[in-house]
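# Structural overview
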Amino acid sequence: MIQKKQHSLLNKAKEASDMLKEHIEKDDIVRIISHNDADGISSAAVLANALAEENVQFHTTIVPRLKEELVNQLRHEKYDLFIFSDMGSSFVKELNTYKSDVIIADHHQVSDVDSESNLVHINPHLFGIDGSKDLSGAGSSYLAIRDLDKKHLAYYALIGAFGDMQGQYGFTGVNKLILDDSIESGKLDVHEGLKIVSKETEPIFKSLAYTFSPPLPGISGDLEGAREFLERMNLSYGIKFTDLEDEEKDLLKNALMDINPDIFGDCYTVPSEVPRLRDLEEYSYILDACGKNKKQGLGLSIALGEKGPALDTAVELQRQYRDQIVKGLEWVKREGPVQLNNIQYLYSEDKVLKSVMGTIASIGLSVELIDESKPVLGLSRLHKDVKVSGRTTRPMVDKGVDLGKALHDSSNNFGGQGGGHDIAAGAMIPYEHMENFLHLVDEMVEYQLGSD
Ligand SMILES: [Mn+2]
């Protein structure tokens, strides 16, 4: 069954590769539109790298959200092929009416509009495959170029998967197939080790405090907690992990595994990359930091091979971003979320907190600063609107919670927009309706839990 679904998806992807080949032969310039998060930037990167290798020119735009306005504007641009990656699945109706060819390589929820002959739509949901854990946007994008003999680019799809929190507990489904491609290409190395970040670049207390997945309760996001933890073992917290003696590494490994056994496991590295980008999960965090700081172009240029000062700038953005998350988690620890009956939410007008609200909602949940028995919404006000990021846990989804649906329906009710996955979703709503919106989401989650 699973094999059959994958097979149908791969057939669809082959149609995209065939469409691409036609345009490559005609020397067309390809227009790429992608999303500004780590997955979206990785999606653009896998496509752009493939096109560059074929000596095809491309023009890329990376946006925070695909709006109808942009979709209607793009149709007037004189390109023969448009590729929408990590987005586009909700605009099949509009894209069907383009005069040019279109490829959508997405993994978000789909509407039930059939594609016209100018459009190839790659999306795991169309084939009964779960796009929240088995394939990312970058994965869909990779599938679109896979048939052009591009297995050496497969690791970008894994970076995207990490960006969408799909690889943290191992790769499954189509992601596993992509992992195998990547290993087969000789680019990727998989080995067991401690899954802590910046092992070669940061003092160890920071490596620990900046490790959010797997979560280390009491240490993740807590510089003080991380320092005390190391001091209790008489380990010097100021040196890098790679500078520890072997027996110190073992001591640390055992102590960390007592907190969370998942901290020791498969590490995915690309040895041919520069040290800072060698670990794929960390690569995704750097792209994420670029996107969050509206420097998506910088992220893309790094993924297209630019290093040196560009990478230094990105690493500095990552450093600032990590500091903001730590500040945010300290705030969560102090204040805690506001409780409704079936959901809880975080809201602040503080400029720094606002910018990381979705992230701290998600990390707060995983490091057990936030009670996981209720979905959490992170709310940040942007002028007249409020941006909502919702997160819950797999056990809550198993009990019936579907945040994508709850946020979609509730936001529509108040003139907003929303949607996403069952476990993670987002919305944009008018600020004036925030209170009512929250109560409606609360009721919907109650209904979802009760009706199961
Ligand atoms: Mn994505």
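Residues numbered from 1 in each chain as written. Predicted model: local features only at pLDDT ≥ 70, side-chain atom pairs only at ≥ 80, totals over all residues.

### Digging into the overall build of the protein
Helix and strand counts for the protein stand at 18 helices and 13 strands. Relative to the compact-globule value of 22 Å for 452 residues, the protein shows a C-alpha radius of gyration of 22 Å, a close match. In the protein, which comprises 452 residues, the proportion classed as buried is 50%. Excluding contacts between residues fewer than 6 apart, the proportion of contacts in the protein whose partners are at least 24 apart in sequence is 61%. (Helix = DSSP H or I, 4+ residues; strand = E, 2+ residues; numbered from the N terminus. Rg over C-alpha atoms; globule rule 2.2 N^0.38 Å. Buried ≥ 20, exposed ≤ 12 C-beta atoms within 10 Å, placed from the backbone. Contact = placed C-beta atoms within 7 Å.)

### Regarding helix H17 (residues 403-413)
Listed as buried for H17 are Leu403, Gly404, Ala406, Leu407, His408, Ser410 and Ser411. Elements in contact with the buried residues of H17: strand S11 (385-391), strand S12 (417-420), strand S13 (424-430) and helix H18 (434-450). Directly after H17, the chain includes Gly415, whose backbone phi takes a positive value near 75°.

### Regarding the environment of Leu256
Examined against the element boundaries, Leu256 turns out to sit in helix H10 (residues 246-259). What Leu256 contacts, discounting residues up to four positions off in sequence, is Leu194, Leu216 and Ile263.

### What about the nonpolar core?
By size, the foremost hydrophobic cluster in this structure holds 126 residues, and its most contacted members are Val46, Tyr142, Tyr156, Leu158 and Ile159. Here this core takes nine residues from helix H2 (residues 38-53), the largest share from any one element. (Core = buried A, V, L, I, M, F, W, Y, C linked by C-beta atoms within 7 Å.)

### Concerning the domain arrangement of the protein
Split into domains, the protein comes out as domain 1 (2-188), domain 2 (193-327) and domain 3 (336-450). Measuring from the centre of the C-alpha atoms in domain 2 to the corresponding centre in domain 3 gives 28 Å. At the interface, nine residues of domain 2 touch nine residues of domain 3. (Domains from an automatic or database assignment.)

### Regarding the pairing of S12
Here S12 shows a clear split, with Gly418 and Gly420 buried on one side and none of Gln417 and Gly419 buried on the other. With four bridges connecting them, S12 and S13 associate as antiparallel partners. Paired with Gln417 across the two strands is Met428, which belongs to S13. Between S12 and S13, which follow one another and run antiparallel, lie three residues. (Pairing = 2+ DSSP bridges.)

### Points about the environment of Arg391
Relative to the helices and strands, Arg391 resides in strand S11. When the C-alpha positions of Arg391 and Ala424 are compared, they lie 4.6 Å apart, and in sequence the two are 33 residues distant. Not counting residues up to four positions away in its chain, the partners in contact with Arg391 are Ala361, Ser362, Leu365, Pro375, Val376 and Ala424.

### A short note on the pairing of strand S3 (residues 81-85)
Judged by how many residues are buried, S3 sits mostly within the fold: five of five residues are covered. Neither face of S3 is exposed, since Leu81, Ile83 and Ser85 on one face and Phe82 and Phe84 on the opposite face are all buried. Relative to S3, strand S1 (residues 30-35) is paired through five bridges, and the arrangement is parallel. Across the sheet, residue Ile33 finds its bridge partner in S3, namely Phe84. Pairing geometry for S3 and strand S4 (residues 101-105), over five bridges, is parallel. When the bridges of S4 are listed, Leu81 appears paired with Asp101.

### Some thoughts on the sheet that holds S11
Strand order in this open sheet of six strands is S8-S9-S10-S11-S13-S12, and the pairing throughout is mixed. The sheet is open, and its two borders are formed by strand S8 (338-339) and S12, each paired with just one other strand. Where S11 lies against S13, seven bridges are found, and the strand directions are antiparallel. Directly across from Val386, in S13, lies its bridge partner Ile429. Packing of H17 onto the sheet brings it into contact with S11, S12 and S13, and relative to S12 it is tilted by some 170°. (Axes fitted to C-alpha atoms, helices over the stretch in contact; angles between N-to-C directions.)

### Side note on unusual backbone geometry
Residue Pro214 is reached from Ser213 by a cis peptide bond, and omega for that bond is 0°. Within the fold, Pro214 resides in the loop between helix H8 (204-209) and helix H9 (223-232). For His383, which is not glycine, the phi torsion reads 55° and is therefore positive. Here His383 shows up in the loop between strand S10 (376-382) and S11. With 6 C-beta atoms counted inside 10 Å, the residue His383 sits in the exposed group.

### A look at helix H12 (residues 296-303)
A turn of α-helix holds 3.6 residues, and therefore any two residues three or four places apart point the same way. Across the eight residues of H12, six count as buried, placing the element largely inside the fold. The complete set of buried residues in H12 reads Gln296, Leu298, Gly299, Leu300, Ile302 and Ala303. The positive-phi residue at the C-terminal boundary of H12 is Gly305, with phi of around 115°.

### Some words on the packing of H2 against H12
Put simply, H2 and H12 touch, their axes get as near as 9 Å, and they point 45° apart. Here H2 lies oblique to H12, going by the angle between them. When you trace H2 past H12, the crossing you get is right-handed. Across the interface between the two elements, Ile41, Ser42, Ala44 and Ala45 of H2 pack against Gln296, Gly299, Leu300 and Ala303 of H12. Residue composition of the contact of H2 with H12, grouped by class: five nonpolar, three polar and no charged. (Parallel < 35°, antiparallel > 145°, perpendicular 65-115°, else oblique. Left-handed = near helix turned anticlockwise from the far one by under 90°. Nonpolar A, V, L, I, M, F, W, Y, C, P; charged D, E, K, R; others polar.)

### Remarks on the sheet that holds strand S5 (residues 119-122)
Here we have five strands laid out as an open sheet, ordered S2-S1-S3-S4-S5, and parallel in their pairing. The open sheet has two edge strands with one neighbour each: strand S2 (58-63) and S5. Strand-to-strand twist in this sheet, taken as the mean axis angle between neighbours without regard to direction, amounts to 15°. Along the sheet, helix H1 (residues 2-25) makes contact with S1, S3, S4 and S5, crossing S5 at roughly 140°.

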